[in-house]
Amino acid sequence: MIQSRLGVFCLSLAVAGAACTGQNETPTFGSVTTVGTGDQWISSTSCTEQGHALVNEAIMASQNIEFGRAWGLSQAALMIDPTCTAAKITQAAIASDFGSEFPDLGSQVSRLDNLSGAPMTDAEAAWMDILQSEEWMTTCAEVAADFPQEGLFHWCAITPDLEGIEALKTFAMEFSGLAAPAYNMLAYGYGQAMWGLEDEDEATSREYLALYSEVYSGPNAFDSRAELLAQFGDIENALEAQLGAIDRGGNTTYGRNAQIYSRKNDEEDMRKAVVDAIDELMEAIASEEEQREVINASVSEEVSMCLSNMTPCSHMSRDDYADLVSGIDWIEGSARDIDVTFNDDMSGAIALHIQEGAYMTDEGRVRYSTRVSSVWNLTSGTPRMVHANYAPMGGSGIPASQ
């Protein structure tokens, strides 16, 4: 997952990234923020030692777009240390400021206002200044010069351009214990030609994914690995990585992409399922009992139809559609030249085909021949038709009287 908005929160340059295999031993909270290097996002706080550690881990989580986890970690810090100002600033930074357009929504401004007069270190006060600044990136750069040991301020001063690409590399070297989001951003930068890079570079992107996976094991590490692998065409491993994200972060946040990768991984099977559904709808057309069974299996509960009798398009229930079709004395029906195209996330498909057959009227046998375009919902396990348009070609359409 990648954060597209810079925003006022100085942590928002981060993106969640590549899959993580971890070090020899998986870190307690998913990162190696202070393991071996002593690097910290903010080294001086008004918190107890335990609260301070939790705040740093909360910041690391937010850098990886794991805001729910960041909120939980900051809340844990406040449970053991109610006076931990850095935890309160973290929560203000995570909260939204919708500005003058929606002044009653978002709690960032009120949270920052409530911290007025609270005991805080110089570093905490500098963080407050950044969050309240209208030129926050400039303020980040100024504050970083005054606090050379604070990774947080150096990070938020990085600009989203070619100079920023080099700054990310420098940050990863100078704050190696905090390098995870830098590796992650570099993986996206090279993988998607971001930040002024002109061309995608899969090999370099994969290198940074590998580096990132060595130092972070949070759910969005797996989520972004999946996203980039899917972009590179490696759908099978993308699905595996996305399942890792679900394992660590839950289905609610990470399940949708798993469904997408699963459908992409089964693209030919899904194509065949749509073709089979169209074939079965036509093959069952002469048997009312079989026809209703197939319609129940292949048509959405609500469907829009533009029928070939030149009447206006209409919305109808599945039962209404079944009644309409069964009201015609069909003799035979078949579909040919079926072509299926999927949308980007494989949640739907458009099928084009020619439909032929015959039905009886009081005047005798009528040849039926139409061009059909149909839209299919693929999110319910089996393809469900939600719309169809029928245009006569050479033969008759569905009789208007029916």
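Up top is the structure these notes are about.
Structure report, in brief. Throughout this description, residue numbers start from 1 for each chain and increase along the sequence as written. Where totals are concerned, whole chains, interfaces and linings use all residues; where local detail is concerned, this predicted model gives features only for residues with pLDDT of at least 70, and gives and counts side-chain atom pairs only at 80 or more. Side-chain metrics rest on all non-hydrogen atoms present in the structure, leaving aside hydrogens and water.

## A few points about the overall build of the chain
To qualify as a helix, a DSSP run of H or I must reach at least 4 residues; to qualify as a strand, a run of E must reach at least 2; elements of each kind are numbered from the N terminus. Within the chain, the regular secondary structure consists of 16 helices and six strands. Per-residue burial for the chain yields a buried fraction of 50% across its 402 residues. For the chain, long-range pairs separated by at least 24 residues make up 60% of all intrachain contacts whose partners lie at least 6 apart in sequence. Working definition: with a 1.4 Å probe on protein chains only, accessible area under 20% of the residue-type maximum means buried, over 50% means exposed, and in between means partly exposed. Pairs of residues are marked as contacts when any of their non-hydrogen atoms sit within 4.5 Å.

## Structural notes on unusual backbone geometry
At Ile65, a position not held by glycine, the phi torsion is positive, near 60°. Within the secondary structure layout, Ile65 lies in the loop between α1 (49-63) and α2 (67-80). Located in the positive-phi region is Asp337, a residue other than glycine, with phi close to 55°. A residue is classified by how much of its surface remains accessible, and Asp337, at 54% relative accessible area, is exposed.

## Digging into the sheet that holds strand β1 (residues 299-306)
Whether two strands pair depends on DSSP finding at least two bridges between them. In spatial order, the strands read β2-β1-β6-β5-β4-β3; together these six strands make up an open sheet with mixed pairing. The open sheet has two edge strands with one neighbour each: β2 (314-317) and β3 (329-342). For this sheet, the mean angle separating the axes of adjacent strands, direction not counted, is 25°. Note on geometry: axes are lines fitted to C-alpha atoms, helical ones only across the stretch in contact, with angles between N-to-C directions running from 0 to 180 degrees. Its contacts with the sheet put helix α15 (residues 288-298) on β1, β3, β5 (364-377) and β6 (384-392), and the angle it makes with β1 is roughly 100°. Along the sheet face, helix α16 (residues 318-326) touches β1, β2, β3 and β6 and points at about 100° away from the line of β2.

## Notes on the packing of helix α9 (residues 180-192) against helix α11 (residues 219-231)
Running from N to C, α9 and α11 cross one another at 15°; their axes reach a closest spacing of 11 Å. Looking at the two axes, α9 sits roughly parallel to α11. As for how α9 packs across α11, the hand of that crossing is left-handed. Taking contact as the criterion, the partners of Asn184, Ala187, Tyr188, Gly191 and Gln192 in α9 are, on α11, Ser224, Glu227, Leu228 and Gln231. We call Asp, Glu, Lys and Arg charged. Ala, Val, Leu, Ile, Met, Phe, Trp, Tyr, Cys and Pro are nonpolar, and the rest, Gly among them, are polar. Split by residue class, the contact of α9 with α11 holds three nonpolar, five polar and one charged. In these notes the angle categories are as follows: under 35 degrees is roughly parallel, over 145 is roughly antiparallel, 65 to 115 is roughly perpendicular, and the rest is oblique. By definition, any crossing whose near helix is turned counterclockwise from its far helix by less than a right angle is left-handed, and any crossing with a clockwise turn is right-handed.

## Thoughts on the nonpolar core
Joining through side-chain atoms within 4.5 Å is the link that ties buried Ala, Val, Leu, Ile, Met, Phe, Trp, Tyr and Cys residues into a set, and such a set is a nonpolar core. Counting 65 residues, the largest nonpolar core has Trp41, Val55, Trp127, Phe153, Leu168 and Phe171 as the members making the most contacts within it. Residue contributions to this core peak at eight residues, all from α9. Dropping the residues within four chain positions of it, Phe171 is found in contact with Trp41, Gly151, His154, Trp155, Ile158, Ser176, Leu178 and Ala182. In this structure, Ala284, Ile295, Val366 and Leu378 belong to the second largest nonpolar core, which totals 36 residues.

## What to know about the state of the cysteines
In what follows, a disulfide is any cysteine sulfur pair within 2.5 Å. One pass over the full model with this rule turns up three disulfides. The residue that forms a disulfide with Cys306 is Cys313, at a sulfur-sulfur distance of 2.0 Å. What sets the handedness of the Cys306 and Cys313 disulfide is the S-S torsion sign, and at about 115° it is right-handed. For Cys306, a relative accessible area of 10% translates into the label buried.

## Overview of the side chain of Gln242
On the secondary structure map, Gln242 appears in helix α12 (residues 235-249). Judged by relative accessible area, Gln242 falls into the buried class, the value being 0%.

## Quick word on helix α8 (residues 162-174)
Look at α8: 19 Å from first C-alpha to last across 13 residues, which is about the 18 Å you get at 1.5 Å a residue. Those residues of α8 lying buried are Gly164, Ile165, Leu168, Phe171 and Ala172. The arc that holds the buried residues of α8, viewed along the axis, is 120°, so those residues lie on one side. Relative to its buried face, α8 has exposed residues pointing more than 90 degrees away, namely Glu163, Met173 and Glu174. Among the structural elements, α7 (151-156) and α9 are those in contact with the buried residues of α8. The span you would expect from a helix comes to 1.5 Å times its residue count less one. An arc is given here, and it is the one of the directions from the helix axis to the C-beta atoms.

## Considering the pattern of salt bridges
Salt bridge criterion: a side-chain nitrogen from Lys or Arg within 4 Å of a carboxyl oxygen from Asp or Glu. For the structure shown, the criterion picks out 13 salt bridges. Between Arg69 and Glu66 there is a salt bridge; the shortest N-O distance is 2.8 Å. Since its relative accessible area comes to 24%, Arg69 is described here as partly exposed. When salt bridges that share partners are traced, they join Glu57, Glu66 and Arg69 into one network.

What is shown is where atoms sit, not what they do.
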